[in-house]
Every structure is written in structure tokens, then in C-alpha cells.
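Below, each chain spelled out in residue letters.
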Amino acid sequence: MFKKDLTASPKQKLKSSIQRSLRQSLLTTYPLLTPHIDDVLPKKSSLEQMKLPDRVSLYVIEGQPLFYQEGGGVIVPHLKLVHRFPHAFPTIRIDRGAIRFVLSGATLMAPGLTSKGGRLPDPNTKPVLQPRPAPKEGEEEGPSIPDEGADEEGHWSRELEKGEPVVVMAEGKETACAVGILVMGTKECKEKGKGPVIEEGHYLGDGLWRLITE
Amino acid sequence: MADPAFGRQVAYCGVCTLPPEYCEYGGTVKKCQEWLQKSHPDMYARIWSPEALEAATASLSVEAQERAAKDAKKKAAKAEAAEQKQADKLANSVVTIKRIERNKRKFVTAVSGLEAFGLDLKKVAKDFGKKFATGSSVTKVPSGGEEIVVQGDVSDEIEEFLLEKYKDIPEDNIELVDDKKSKKAAAAAG
């Protein structure tokens with residue numbers, strides 16, 4: 001999607017009501033981000049929007065890209081945000097051989113996930129849960145955070161559905177290399193073992209990554 | 001440890017902007033290695049140690065390794081060529097400062113060719129206006145492209161200002177042109 005260098009419109013400040021609704025939809029899409037939401041979107045600072053080609057908007061806070069959205073679709077985190085909060089997003093992992101294709105913008109195919117180096121979700125694993133802040137007394141309990149996460153080997157503890165955004169990790173690397181929207185559920189992917197899994201995403205070194213947001 | 005409120009901090013390579021782990025796919029591996037060695041020696045030792053490299057290649061078949069190597073080579077060559085081209089372009093591009101006679105004693109100064117040096121014309125125009133306290137605007141030229149038009153004859157000052165402020169413009173690449181509206185030419189055209 002962002003293979004070429006992008007030209008963005010100047011930044012626009014967003015209304016606080018829009019900011020609120022974005023915050024809400026961000027939390028519904030990524031419940032695991034709940035403990036960090038005040039760090040991601042500090043209440044005081046104002047969110048800015050940059051319009052990119054193909055009706056994509058990128059949301060920026062204090063020069064830091066946070067996430068992008070195509071049309072009115074799913075909110076997808078920018079990789080810099082993923083690098084800051086790696087535990088807050090569902091992940092899959094690709095094997096080493098697939099990295100160079102993903103980093104040149106190819107469609108992610110199933111064999112890169114089903115091979116030995118790849119990791120697809122496994123409902124039977126026990127996730128390593130991230131520590132949560134205890135709810136303060138007298139305070140209403142916010143939306144519940146689901147008990148899901150990745151186990152030590154990188155298997156996510158829940159099967160992911162088609163259309164869900166997912167972060168792509170890589171074998172032997174600590175940081176994520178791409179994000180995108182699944183075009184095939186992970187269960188189907190395991191059964192079929194071939195075909196595209198993530199079509200157009202955002203990867204390290206693409207136009208969105210290189211876009212200057214300062 | 002990093003400030004918890006900011007999440008995890010990831011260092012990015014100063015050459016290819018990727019996290020250093022991914023430098024090997026960026027096409028500028030050599031430069032990235034040098035940069036990492038200089039600025040994050042500990043990370044360099046971890047990522048580019050012989051053991052780590054061996055682990056990286058062991059899982060691939062020989063054939064795949066060869067293919068990957070070839071691919072990397074091609075990418076590096078491409079990046080180098082692009083860089084060369086960019087440098088060439090920089091060396092060849094000329095900033096033209098043109099003094100245009102508007103009326104007998106009145107002039108405007110047109111500056112073209114700045115965009116080749118990666119400058120934002122709108123911002124530069126604003127700077128000119130501030131510096132010389134005159135009107136300064138970006139206008140389209142008929143041949144396509146844009147130039148900055150500054151009111152008044154400030155051609156020499158602009159040259160100095162450019163050299164001082166934007167160091168990557170070489171002095172030899174600035175050209176001063178005097179464009180007098182000669183009556184004869186105008187008559188011939190008419």
C-alpha cells in the first residue's frame with residue numbers, strides 16, 4: 001500500500017470529540033492497549049491528522065506517528081507504535097526466509113507462517129500475561145482486558161479471524177517487521193497452507209515508514 | 001531502562017532508519033554496520049557476531065543462502081547507483097538567480113532550481129521575504145516547475161544568503177543572470 005514514497009497533506013488538528021471517538025475505537029480494536037492508552041494518547045496533547053493518498057489518514061501526536069486508517073476501516077498501528085508497545089497487539093511470526101520478501105513489499109503467503117520458523121496462533125498454549133495495574137478502589141472498572149497474549153515461543157493464544165489487523169514478527173528478531181490486515185483467518189491458513197495471508201500492509205522501510213511527520 | 005510512560009524504546013539505524021536487526025535487508029549494509037559500530041557498539045557485537053550470523057544462515061538451505069546473497073548484492077548495487085545518481089544530479093543542478101527589469105528603475109528577482117537541493121520552495125520564499133523585508137512568493141513558470149519571485153533587486157544578497165544558510169549548495173552552482181527587457185527584442189516579437 002505504501003510502497004512508493006508518499007506525499008502527505010499538511011497536518012490538521014482534530015476536534016477533541018473526534019479524538020475521543022478514535023480513542024474509543026482504538027480500544028475496541030486493541031483491548032490489550034487499555035493499560036497504555038494514556039501513554040499512547042495523552043489526554044492533554046492534541047491529535048493531528050495527515051491525509052495520505054488513497055484515502056488513508058495517518059494520526060500523529062507530537063510528531064510521532066501513531067496509527068493509520070484506510071477510509072473508515074480498521075485502525076492499524078504504525079510500526080513505531082508497535083515497537084513501543086509490542087505486547088499490545090496480536091502477532092504472528094514469519095520464518096527467516098520470508099523476511100526479505102516482506103520487507104520489499106510482497107504479499108505475505110501462508111508457507112512463510114506454517115514452516116518451522118513461523119508461528120501461527122495456537123489456542124492450547126498458555127500465554128505469558130503482561131502485568132496489569134490493579135483497579136483503583138472506588139473507581140469503576142473499565143472495559144475488561146481479555147486474557148490473551150503470546151506464549152514464550154510466539155504463538156498467540158487465540159485464533160485470529162479474517163479482517164483482523166495483525167503484527168508480523170520475524171524469526172530471530174525482537175522487533176516487528178510489518179503490520180497488516182488478514183485476508184485469511186489463521187485457522188484456515190493452517191488448514192490450507194498456501195495462498196496470501198496479508199495482502200497490503202505497512203512494513204519497515206516503506207513510504208509510510210519514511211514519511212516525515214515532524 | 002526507558003521511561004515506562006513512553007513504552008519500550010527501540011533504537012533505529014541512523015543510515016537506513018530500520019531497527020538495526022533489519023539492516024541486513026536495507027541495501028546499505030556496510031554503512032549501517034559502520035554506523036552501528038560507532039554509535040551502539042554493544043548492539044553491534046550482538047547482531048553482527050559470528051555466532052549470530054551462523055545461526056542466521058544455518059536454518060537456510062545452501063540454495064536459499066545463495067539466492068539471498070545474490071539478492072542482497074543486487075539491492076546494494078541498486079542503492080549505490082541511486083546514491084551516485086543523486087550526487088550527480090546535485091553536482092549538475094544550477095540555481096539561477098535572475099534579475100528581471102520590471103520598469104525602468106524597478107526590478108524583481110527570480111530564483112529557480114532550488115528544488116533540486118531538496119528545499120521546500122514555500123519555506124525558502126518565506127525566509128527570503130523575512131530577510132529582505134520584501135514580498136516573496138512561489139510562482140509557476142510556463143515551462144512547468146516553480147520559482148521564487150522576490151520583489152526588488154536582491155540578487156547579490158540572495159546569493160550570499162543561500163551560500164550562508166544552505167551549505168550544500170556549492171558556490172559554483174549559483175548563476176546570476178541579468179534579464180533586461182530590451183525594447184528591440186520586444187518590438188521584434190511584437
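Per chain, residue numbering runs from 1 following the sequence as it is written. Chains and ligands are labelled sequentially in the order written, the chains with letters from A and the ligands with numbers from 1. With pLDDT at 70 or above as the cut-off, local features in this predicted model cover only qualifying residues; side-chain atom pairs require 80 or more to be listed or tallied, and sums for whole chains, interfaces and linings still use all residues. Note: side-chain values were computed over all heavy atoms of the structure, leaving out hydrogens and water.

### Description of the overall build of chain B
Part 1: Note on conventions: DSSP H or I runs of at least 4 residues are helices, E runs of at least 2 residues are strands, and numbering of each starts at the N terminus. Across its full length, chain B holds seven helices and five strands.
Part 2: Shown N-terminal to C-terminal, the secondary structure of chain B runs as helices and strands in the order α-α-α-α-β-β-α-β-β-α-β-α.
Part 3: Summary of the burial criterion: residues with accessible area below 20% of their type's maximum are buried, those above 50% are exposed, and those between are partly exposed, where the area comes from a 1.4 Å probe applied to protein chains only. Looking at chain B residue by residue over its 190 residues, the buried ones come to 30%.
Part 4: Two residues form a contact once any of their heavy atoms are found within 4.5 Å. Taking the contacts inside chain B whose residues are at least 6 apart along the sequence as the reference set, 46% of them involve residues at least 24 apart.
Part 5: Accessible surface, chain B: about 12,800 Å² in total, of which carbon and sulfur atoms supply 53%. Accessibility throughout is a Shrake-Rupley quantity obtained with a 1.4 Å probe, and a residue counts as covered only by protein chains that appear here.

### Some details on a negative patch on the surface
Residue and element names in this part refer to chain A.
Part 1: Note that patches include only residues with greater than 30% relative accessible area and no salt bridge, and the join distances are 9 Å for like charges and 5 Å for nonpolar side chains (Val, Leu, Ile, Met, Phe, Trp, Tyr). What makes a salt bridge here is a side-chain nitrogen of Lys or Arg within 4 Å of a carboxyl oxygen of Asp or Glu, nothing more. Counting rule for charge: Lys and Arg are taken as positive, Asp and Glu as negative, and neither His nor the chain ends is counted. Each charge is placed at NZ for Lys, CZ for Arg, CG for Asp and CD for Glu. The grouping of Asp54, Glu70, Glu199 and Glu200 at the surface amounts to a negative patch.
Part 2: Inspection of the secondary structure puts Glu199 in strand 10 (residues 196-203).
Part 3: Taking relative accessible area as the criterion, Glu199 reaches 43% and is therefore assigned partly exposed.

### Side note on the sheet that holds strand 8 (residues 165-170) of chain A
Sheets are built from strands that pair by backbone hydrogen bonding, the pairs being arranged parallel or antiparallel.
Residue and element names in this part refer to chain A.
Part 1: One open sheet accounts for five strands, arranged 6-8-9-10-7; its pairing is mixed. Of all the strands in the sheet, the pair left with one neighbour each is strand 6 (91-94) and strand 7 (108-109).
Part 2: We treat two strands as partners when DSSP finds at least two bridges between them. Here two bridges tie strand 7 to strand 10, and the two strands are oriented antiparallel to one another. In the strand pairing of strand 10, Met109 is matched with Pro196.

### Let's talk about the pairing of strand 3 (residues 56-61) of chain A
Residues and elements named next belong to chain A.
Part 1: In terms of burial, strand 3 is largely enclosed, as six of its six residues are buried.
Part 2: Of the two faces of strand 3, both are covered, the one formed by Val56, Leu58 and Val60 as well as the one formed by Ser57, Tyr59 and Ile61.
Part 3: Of the pairings in the sheet, the one linking strand 2 (residues 47-52) to strand 3 comprises six bridges and is antiparallel in character. Within strand 3, the residue paired with Leu52 across the bridge is Val56.
Part 4: Adjacent in sequence and paired antiparallel, strand 2 and strand 3 are bridged by three residues, among which Asp54 carries a positive phi angle near 60°.
Part 5: Bridge count for strand 3 against strand 4 (residues 64-70) is six bridges, and the pairing is antiparallel. For Leu58, the partnering residue across the bridge sits in strand 4 and is Tyr68.

### As for the interface of chain B and chain A
Part 1: The partner chain A presents 22 residues to the 21 residues of chain B that form the contact.
Part 2: Summing both partners gives a buried area of about 2,000 Å² for chain B against chain A, and 53% of it is carried by carbon and sulfur.
Part 3: Counting every contact that joins chain B to chain A gives one salt bridge.
Part 4: Taking the shortest distance from any N to any O, the salt bridge between Glu174(A) and Arg46(B) comes out at 3.4 Å.
Part 5: Here a polar contact is recorded for every N or O atom pair within 3.5 Å, except that within protein the pair must consist of a potential hydrogen donor and a potential acceptor, and residues adjacent in sequence are included only if both atoms are side-chain atoms. At the surface where chain B touches chain A, the tally comes to seven residue pairs in polar contact (both at pLDDT 80 or more).
Part 6: With three residues, helix 4 (residues 62-92) of chain B is the single largest residue contributor to the side of chain B that touches chain A. The term buried area refers to how much accessible surface (probe radius 1.4 Å) is lost by two components on association, counted for both of them together.

### A short note on helix 6 (residues 155-165) of chain B
All names here are of chain B.
Part 1: Those residues of helix 6 that fall on the buried side of the exposure criterion are Ser155, Ile158, Glu159, Phe161 and Leu162. Summarising the axial view, the buried residues of helix 6 lie within an arc of 170°, below the 170-degree limit, and thus occupy one face. Facing away from the buried surface of helix 6 by more than 90 degrees, the exposed residues are Glu160 and Glu164.
Part 2: Tucked into the core, helix 6 has its buried residues touching strand 1 (95-101), strand 2 (107-112), helix 5 (121-132), strand 4 (146-151) and strand 5 (174-179). Read the arc as the range of directions from the helix axis to the C-beta atoms.

### Side note on the packing of aromatic side chains
Part 1: Centres within 6.5 Å make a pair out of two Phe, Tyr or Trp rings, where for Trp the six-membered ring is used; the pair is then stacked when the planes are under 30 degrees apart, edge-to-face when over 60, and tilted otherwise. Inspection of every chain in the model, using the stated rule, returns six aromatic pairs over all chains.
Part 2: Ring centres of Tyr30(A) and Phe89(A) lie 5.0 Å apart, and the angle between their planes is 80°; this geometry places the pair in the edge-to-face category. On the criterion of sequence distance, the pair formed by Tyr30(A) in the loop between helix 1 (16-29) and helix 2 (37-40) and Phe89(A) in the loop between helix 3 (79-84) and strand 6 is long-range, its members being 59 residues apart.
Part 3: Classification of Tyr30(A) by relative accessible area gives buried; the value is 2%.
Part 4: Ring centres of Phe132(B) and Phe161(B) lie 6.0 Å apart, and the angle between their planes is 65°; this geometry places the pair in the edge-to-face category. Highlighted residues: Phe132(B) in helix 5 and Phe161(B) in helix 6, separated in sequence by 29 residues.
Part 5: A relative accessible area of 14% places Phe132(B) in the buried class.
Part 6: Assessed through its relative accessible area of 11%, Phe161(B) is described here as buried.

### Considering the confidence of the model for chain A
Low-confidence regions, as indicated by low pLDDT, have predicted coordinates that should not be scrutinised in detail.
Part 1: Summing up the model confidence of chain A, the mean pLDDT is 81 and the portion of residues at 70 or higher is 86%.
Part 2: The predictor's confidence in any single residue is recorded as pLDDT, a number from 0 to 100. Of the regions scoring below 50 in pLDDT, residues 134-142 of chain A engages in zero contacts with residues more than four places distant in sequence or in other chains.

### Side note on the environment of Lys75(B)
Part 1: The residue Lys75(B) is located in helix 4 in this model.
Part 2: For Lys75(B), a relative accessible area of 30% corresponds to the partly exposed category.

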